[in-house]
Amino acid sequence: MEYFIHESSYIDENVKIGKATKIWHFCHIQSGAVIGENCSLGQNVNISNNVKIGNRVKIQNNVSVYEGVELEDEVFCGPSCVFTNDLTPRAAYPKGRSHYVKTLVKKGATIGANATIVCGHKLGEWCMIAAGAVITRNVPPYALMAGIPARQIGWVCECGQILNKKLFCINCEKRYRKLKNSIKVVQNCVGGGK
């Protein structure tokens, strides 16, 4: 095989797994799931039916990615972070997949340990969600979000460093410019980082 699956994990039929992906202990990948190349799924990860996961995604232990959630390339999901797919669940009144509310996690986003992502929102490129935060609205690209409910407390570089007030990264020396509701790179690593 071109990928690794630990013998304790279960892979249903009609699943696509990319080259060099590693699926560790006690995982379950359900039918219709698509997992990209060079991904790492830690212990006790569940990927539900029809979930799409991009390339180079890292999902830490005890994470369930439910149907209706999509993770683009290079997303990091910290240990025990939580996704939802129904805003008004009732055990006595199941609605089924046609009522799932979609969530999109854009390229490079990081979700901290034990954070909760309420369904129906988009997490922008390279945003960072602090450990334990609860996301209840869309997140701008590069935004640093913390709290319950989460609010923006700053901006982060693609390398993960919190940007200073001048939107400069002291780690990799990228410079950013403020847009209406986001920022964008205006100068790439001039000195190769420190």
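Read on for a plain summary of the structure. (Residues numbered from 1 in each chain as written. Predicted model: local features only at pLDDT ≥ 70, side-chain atom pairs only at ≥ 80, totals over all residues. Heavy atoms only, no water.)

**Concerning the overall build of the protein chain**
Test applied: For the purposes of this entry, the term helix denotes a DSSP run of H or I that reaches at least four residues, the term strand denotes a run of E that reaches at least two, and both are numbered from the N terminus. Think of it in three bands: with a 1.4 Å probe and only protein chains considered, a residue is buried below 20% of the maximum accessible area for its type, exposed above 50%, and partly exposed in between. In this description, contact between two residues means that some pair of their heavy atoms is separated by no more than 4.5 Å. Per-residue and other accessible areas follow the Shrake-Rupley method at a 1.4 Å probe size, with only the shown protein chains counted as cover for residues. Charge assignment in this entry is limited to Lys and Arg as positive and Asp and Glu as negative, and neither His nor the chain termini are counted. Charge positions are represented by NZ for Lys, CZ for Arg, CG for Asp and CD for Glu.
The number of helices and strands found in the protein chain is zero helices and 24 strands. When its C-alpha atoms are laid out on the principal axes, the protein chain stretches across 50 × 40 × 25 Å. Taken across its 194 residues, the protein chain has 41% of its residues classed as buried. Long-range pairs, those at least 24 residues apart, make up 15% of the contacts in the protein chain with a sequence separation of at least 6. With the model as given, the accessible surface of the protein chain reaches about 10,400 Å², and the carbon-plus-sulfur share is 50%. Counting 24 positive and 14 negative side-chain charges, the protein chain places the centres of these two groups 13 Å from one another.

**A look at the nonpolar core**
Here is the rule: We call a set of buried Ala, Val, Leu, Ile, Met, Phe, Trp, Tyr and Cys residues a nonpolar core when their side-chain atoms join them within 4.5 Å.
The biggest cluster of nonpolar side chains holds 46 residues, and the ones touching the most others in it are Leu41, Ile47, Ile59, Leu71, Phe83, Ile111 and Ile129. Mapped onto this core, the elements with two or more residues apiece are strand S12 (69–71) and strand S21 (143–146). Setting aside its immediate chain neighbours within four residues, Ile59 contacts Ser40, Leu41, Gly42, Val45, Ile47, Ile53, Val65, Leu71 and Cys77.

**Describing the sheet that holds S12**
Which entries qualify depends on this criterion: What makes two strands pair is DSSP finding at least two bridges between them.
Sheet architecture is open: six strands sit in the order S3-S6-S9-S12-S15-S18, paired in parallel fashion. Of all the strands in the sheet, the pair left with one neighbour each is strand S3 (16–17) and strand S18 (122–123). In this structure, strand S9 (residues 52–53) lies alongside S12, joined through two bridges in parallel fashion. Within S12, the position partnered with Ile53 by the bridge is Leu71.

**Some details on the sheet that holds strand S10 (residues 58–59)**
The sheet built from nine strands is open, its strands ordered S1-S4-S7-S10-S13-S16-S19-S21-S22 with mixed pairing. The open sheet has two edge strands with one neighbour each: strand S1 (4–5) and strand S22 (151–155). In the sheet, strand S16 (residues 110–111) pairs with strand S19 (residues 128–129) via two bridges, with the strands oriented parallel. By the bridge assignment, Ile111 is partnered in S19 with Ile129.

Note that every value here comes from positions in space, so none of it alone points to a role or purpose.
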